[in-house]
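Fold and contact review
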Amino acid sequence: MSHLGSDFSGGLLRRLYWPDNPGGLAYGLAGHAILLLLHYALQAGLSYLVLSSPVGAGITSTREIVKVGLIVILPASLVIAVAAWWLAGQRGGTARRVLNLRRPELSGLGWLALVAGFMLVMYAAIIILVLILGIDLADYTPGADGQSPSSGSAGLVKEAVFDLANEPLLFLAVLPSIAIGAPLAEELIFRGQLFSALAGTRLGVAGATVLTSALWALLHVTEPWLSIGLIFVMGLVLGFLMYRFGSLWVAMVCHGAWNGIYALMIFGSAGGGT
């Protein structure tokens, strides 16, 4: 395993995560609430500015408004990152340690193996759920124009992304938000200081993983139940990776890889690749 990096040694259950949150649970919960509200406020405010400008003139449909919301995720996430860093550094905390931003000891091949393993686990989870529950994925997959099938709902975000695949330049403008902005903001909000605060209580890392995964899944209430369930499962996997590798960078990279690859697959199949 040496060629993958020293963090890969020690077996599957080696623990590299240890919570460090001097601010305590109450401060961690307050910080989480502040970041979440700030996230919503920034998206709403930036979206309003775009819609009020000449660029946004004539945009009235829900799907078009969702597209604008996707574009502004990246600038909003950068503000969230600064706010999360500042909050983590208060009450005697060291931001890098509170947010679990330890640099993983992984080689380039190690990162590749980690992301590939994460993708395989997630696709295995999808296959298992589909087989056990008898799910027809066609019921949750929009058409090339982004319209949900009559047999089910794909969700507002997925509809917008499929529709964006027909507009290559706009899709490229949204891709950084999907692959970088959303993972950056969501991981800092749910598996940053909040995770440390919860993991330092009787809940431990396991309880923190379940609770933050549930909260993260509920954030996606505009999506169908299947998507919410898969997001919860992804949260559990990312929580385990936090335990195993002790770094939020691992969760961010895996989350970003999932979003980015999935978006590119949509672009290739629904729009830009046809």
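Here goes a summary of the coordinates provided. Here the structure is a predicted model, which means the values were calculated and not measured. Sequence order as written defines the numbering, with residues in each chain counted from 1. Since the coordinates come from a predicted model, pLDDT governs what is reported: local features require at least 70, and pairs of side-chain atoms require 80 or more to be given and counted, while whole-chain, interface and lining totals use all residues. No hydrogens and no water enter the side-chain calculation; it runs on all heavy atoms of the structure.

**Concerning the side chain of Arg 191**
Helix numbering and strand numbering both begin at the N terminus, where a helix is a DSSP run of H or I of at least 4 residues and a strand a DSSP run of E of at least 2. One can find Arg 191 in helix H7 (residues 168–191). Working definition: with a 1.4 Å probe on protein chains only, accessible area under 20% of the residue-type maximum means buried, over 50% means exposed, and in between means partly exposed. Judged by its relative accessible area of 0%, Arg 191 falls in the buried class. In protein, a polar contact means a hydrogen-donor-capable atom and an acceptor-capable atom, both N or O and within 3.5 Å, with residues adjacent in sequence counting only if both atoms are side-chain atoms; elsewhere, any N or O pair within 3.5 Å suffices. Among the polar contacts made by the side chain of Arg 191, one reaches the side chain of Glu 187 at a distance of 2.6 Å. Discounting chain neighbours no more than four positions away, the residues touching Arg 191 are Asn 100, Glu 186, Thr 212, Ser 213, Trp 216, Gly 235, Leu 238, Gly 239, Met 242 and Leu 248. Whether two residues are in contact is decided by their heavy atoms, any of which lying within 4.5 Å being enough.

**With respect to the packing of aromatic side chains**
Only the six-membered ring of Trp is used, alongside the rings of Phe and Tyr, when aromatic pairs are assigned; centres must lie within 6.5 Å, and planes under 30 degrees apart are stacked while those over 60 apart are edge-to-face, with the rest tilted. The full count for this structure, using the stated rule, is six aromatic pairs. For the ring pair Tyr 123 and Trp 258, a centre distance of 5.2 Å and an interplane angle of 45 degrees mean the geometry is tilted. Separated by 135 residues along the polypeptide, Tyr 123 in helix H5 (residues 108–133) and Trp 258 in helix H11 (residues 248–270) bring together distant segments of the chain. Exposure remark for Trp 258: the relative accessible area of 12% places this residue in the buried category. For the ring pair Phe 171 and Phe 267, a centre distance of 4.6 Å and an interplane angle of 20 degrees mean the geometry is stacked. Of this pair, Phe 171 sits in helix H7 while Phe 267 sits in helix H11, and the two are 96 residues apart along the sequence. Phe 171 sits in the buried class, given a relative accessible area of 1%. Over the face of the ring belonging to Trp 18 we find Arg 15, whose NZ or CZ atom lies 3.8 Å from the ring centre. Geometry around Phe 245 places Arg 244 over its ring, the cationic atom sitting 4.8 Å from the centre. Charge over a ring is defined by NZ of Lys or CZ of Arg lying within 6 Å of the ring centre and within 35 degrees of the ring normal.

**Here we look at helix H2 (residues 62–71)**
All of the buried residues along H2 are Arg 63, Val 66, Lys 67, Val 68, Gly 69 and Leu 70. Where H2 is buried, its residues contact helix H1 (24–52), helix H3 (73–88), helix H6 (156–164) and H7.

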